[in-house]
Amino acid sequence: MSVPFLRRRPDSGLGNIRSSPSDPARNIDWVLMLTVSALSLIGLATIYTSSRSKYALKATAPYGFFFVTRQELFLIGAVIVMVVVMSFDYDWWRDQSRFLYGVTLMMLALVMLVGKISGGARLSFDIGPINLQPAEFAKFTVLLVVAAYLAEDRSDVLPYHRFIIGLLIVGAPAGLIILQPDLGGVSVLVVMVMGVMLVAGAKLRHMAIITFAAVSTVVAALVTNLVNEYQLRRFTAFFQQDSNDPKLRDWVYQGRNAVRAVATGGITGKGWLKGPITEARSDIPVQWQDFPFSAIGEEFGLIGAAVVLALYAVVLVRIWRIAQLSRDLLGTYLCAGVFAILLWQVFQNIAMTIGIMPITGRPLPWISYGGSGVVTFFALVGLVQNVHMRRYR
């Protein structure tokens with residue numbers, strides 16, 4: 001006589017979970033997920049404190065909740081996008097990459113014709129209450145195409161012909177973004193492809209070619225006046241930070257105040273909602289979008305800034321770990337691209353806040369206000385999670 005429960009196969013999971021350890025749903029990197037959530041919550045607090053006094057009188061939402069309420073809606077949409085990206089195997093996304101790449105090129109071309117003009121540049125589509133920036137979404141689609149193409153080769157050293165074709169893949173959307181013009185957006189794509197190619201085994205002299213081509217493109221854009229005066233003033237203000245030129249006054253003024261906000265925060269900061277520069281209405285215009293790190297530095301001090309940097313470090317370490325655990329080269333290259341994008345954009349935003357780089361307008365991931373940016377970075381996290389969830393063959 002046999003006892004029924006002795007004939008049961010042991011559970012492959014915990015308790016009544018019978019799924020295999022290779023089940024994607026059981027392999028979500030919760031450390032990465034919780035860290036990104038923490039950065040998003042810090043972003044909501046920062047957006048509120050930096051926008052409430054400046055737009056309280058104009059906002060339709062009471063007590064200056066206008067921007068933070070919109071950001072909450074953006075976050076909900078971004079999480080939905082992330083879940084969708086996680087739900088399909090990244091091999092499926094690879095199969096769709098060419099189509100998505102084509103759509104991206106079409107949108108980048110179309111935005112120059114009917115896009116909304118802001119600061120002398122056409123960067124986004126004005127769709128009722130929201131603005132869609134194709135250059136932000138290009139990070140996701142171009143990364144997919146480049147990673148998929150380079151993953152076709154199994155050699156340890158990236159062949160020269162693949163290196164060139166990889167540059168051409170990035171060159172098409174980068175050229176369209178330059179025409180908007182948006183040099184900051186182009187720099188992100190360049191750094192992304194450099195990161196992927198470096199991991200793919202590109203030779204150092206080939207990497208030097210990318211660097212030279214990128215610098216030459218920027219110089220050519222400046223010399224040929226392709227960059228409009230509004231964009232040019234950002235660079236001029238950086239090299240002439242003591243200038244009294246009326247044309248540079250606004251850029252120099254907000255740059256100085258951003259540095260002053262971080263510097264006067266001290267060790268512990270002045271307290272949430274108590275930063276004089278952050279709470280002022282004109283010291284740092286659009287602080288919640290371009291300079292959120294200055295608000296963190298002023299109100300939470302060195303400790304608050306260190307916490308934010310530590311959270312970004314955790315995200316980068318988890319992405320690096322997932323790249324090493326990937327089941328194939330495609331997953332590794334996707335993670336390498338996301339790693340490069342995140343590292344460069346965090347550096348770019350914080351560097352311009354403390355005055356060591358020109359003001360580029362690149363948002364601080366998950367903290368800056370903006371729908372296109374937050375959706376894109378959650379989609380990129382979804383790609384990384386996708387690789388981790390399906391690391392078992």
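Note that the structure is predicted; figures quoted are calculated from it, not measured.

J.: Looking at this structure, I do not really get the overall build of the chain. What am I missing?
T.: Each helix and strand in the chain was counted, giving 14 helices and three strands. Across the 393 residues that make up the chain, the buried fraction comes to 51%. Pairs at least 24 residues apart make up 71% of the contacts formed inside the chain by residues separated by at least 6 positions. Entry remark: accessible area of the chain is about 18,500 Å², with carbon and sulfur atoms responsible for 67%.

J.: Just to check I follow, could you spell out the packing of aromatic side chains for this structure?
T.: Any two aromatic rings considered together are summarised by their centre-to-centre distance and by the angle between their planes. Counted according to the given criterion, the structure contains 15 aromatic pairs. Arranged with centres 5.8 Å apart and planes meeting at 50°, the rings of Phe74 and Tyr369 form a pair that is tilted. Of the two residues, Phe74 is situated in helix H2 (residues 66-87) and Tyr369 in the loop between helix H13 (329-353) and helix H14 (371-389); the sequence distance between them amounts to 295 residues. The exposure class assigned to Tyr369 is buried, which follows from its relative accessible area of 10%. Ring centres 6.4 Å apart and planes at 90° place the aromatic pair Phe88 and Trp93 in the edge-to-face group. Residue class for Phe88 comes out partly exposed when judged on its relative accessible area of 37%. Of the residues examined, Trp93 reaches a relative accessible area of 10% and is grouped as buried. Between Arg162 and the ring centre of Tyr149, over which it is positioned, the NZ or CZ distance is 4.5 Å.

J.: Quick question: what am I supposed to make of the side chain of Thr104 here?
T.: Within the secondary structure, Thr104 sits in helix H3 (residues 90-114). You can call Thr104 buried: its relative accessible area is 6%. A distance of 2.8 Å separates the side chain of Thr104 from the side chain of Thr141, its partner in a polar contact. Every residue in contact with Thr104, bar those within four places of it in the chain, is listed here: Ala138 and Thr141.

J.: It is not clear to me how the confidence of the model for the chain should be interpreted in this structure. Could you clarify?
T.: Detailed reading of the predicted coordinates is not advisable wherever pLDDT falls low. Residue-level pLDDT values for the chain average 84, and 81% of them are 70 or greater. Across the chain, helix H12 (residues 292-325) holds the top mean pLDDT of 96, while helix H8 (residues 229-239) sits lowest at 66. A low-confidence stretch, residues 1-16 (pLDDT under 50), is modelled with 14 contacts involving residues beyond four sequence positions or located in other chains.

J.: Any chance you could explain the packing of helix H6 (residues 183-200) against H13 here in plain terms?
T.: A pair of packed helices is characterised by two quantities: the angle between their axes and the separation of those axes. The interhelical angle for the contact between H6 and H13, taken along N-to-C directions, is 140°, at an axis separation of 8 Å. The orientation of H6 relative to H13 falls into the category oblique. You can see that H6 and H13 cross each other, and the crossing is right-handed. Facing H6, whose interface residues are Gly184, Ser187, Val188, Val191, Met192, Gly195, Val196, Val199 and Ala200, H13 presents Thr332, Tyr333, Ala336, Gly337, Ala340, Ile341, Trp344, Gln345 and Gln348. A per-class count over the contact of H6 with H13 returns eleven nonpolar, seven polar and no charged.

J.: Help me understand the packing of H12 against H13 in this model?
T.: Axis separation between H12 and H13 bottoms out at 10 Å; the angle between their running directions is 165°. The angle between the axes of H12 and H13 places the two elements in the roughly antiparallel class. For the element pair H12 and H13, the recorded crossing hand is left-handed. Contacts from Pro292, Phe293, Ser294, Leu309, Tyr312, Val315, Leu316, Ile319, Trp320, Ile322 and Ala323 of H12 reach H13 at Thr332, Cys335, Val338, Phe339, Leu342, Leu343, Val346, Asn349, Ile350 and Thr353. Tallied by class, the residues present in the contact of H12 with H13 amount to 17 nonpolar, four polar and no charged.

J.: Would you take a moment to explain the pattern of salt bridges for this structure?
T.: When the charged atoms of two side chains with opposite charge come close together, those side chains can pair. Evaluated as defined, the whole model comprises 14 salt bridges. Of the charged contacts, one joins Glu279 and Arg52 as a salt bridge, the two residues approaching to 3.0 Å between their closest N and O atoms. Note that Glu279 is positioned in helix H10 (residues 276-279) and Arg52 in helix H1 (residues 30-55), a separation of 227 residues in sequence. Overall, the relative accessible area of 16% leaves Glu279 in the buried class.

Scoring rules and cut-offs
Residue numbers here run from 1 along each chain, matching the order of that chain's written sequence. Only residues with pLDDT of at least 70 are given local features in this predicted model, and only at 80 or more are side-chain atom pairs given and counted; all residues enter the totals for whole chains, interfaces and linings. Note that the side-chain values use all heavy atoms of the structure and ignore hydrogens as well as water. Each helix is a run of H or I in the DSSP string that is no shorter than four residues. Each strand is a run of E no shorter than two, and both are numbered from the N terminus. Buried, partly exposed and exposed residues are distinguished by accessible area as a fraction of the type maximum, computed with a 1.4 Å probe on protein chains only: under 20%, between the cut-offs, and over 50%, respectively. By definition, residues are in contact when any of their heavy atoms lie within 4.5 Å. All accessibility values rest on the Shrake-Rupley procedure with a 1.4 Å probe; residue burial counts only the protein chains present in the view. Stacked, tilted and edge-to-face are the three classes assigned to paired rings of Phe, Tyr and Trp, where Trp is represented by its six-membered ring and a pair needs centres within 6.5 Å; plane angles under 30 degrees give stacked, over 60 edge-to-face, the rest tilted. Any Lys NZ or Arg CZ found within 6 Å of a ring centre and within 35 degrees of that ring's normal is scored as a charge over the ring. For this analysis, a polar contact is any N or O atom pair within 3.5 Å, provided that within protein one partner can donate a hydrogen and the other can accept it, and provided that sequence-adjacent residues contribute only side-chain to side-chain pairs. pLDDT: the predictor's confidence for each residue, scored from 0 to 100. Axis definition: a line fitted to C-alpha atoms, over the contacting stretch in the case of helices. Angles run 0 to 180 degrees between N-to-C directions. Orientation is classified from the angle alone, with under 35 degrees giving roughly parallel, over 145 giving roughly antiparallel, 65 to 115 giving roughly perpendicular, and any other angle giving oblique. The sense of a crossing depends on the near helix, which, turned anticlockwise from the far helix by less than a right angle, makes the crossing left-handed and, turned clockwise, makes it right-handed. The classification used treats Ala, Val, Leu, Ile, Met, Phe, Trp, Tyr, Cys and Pro as nonpolar, Asp, Glu, Lys and Arg as charged, and all other residues, Gly among them, as polar. Here, a salt bridge means any side-chain nitrogen of Lys or Arg that lies within 4 Å of a carboxyl oxygen of Asp or Glu.

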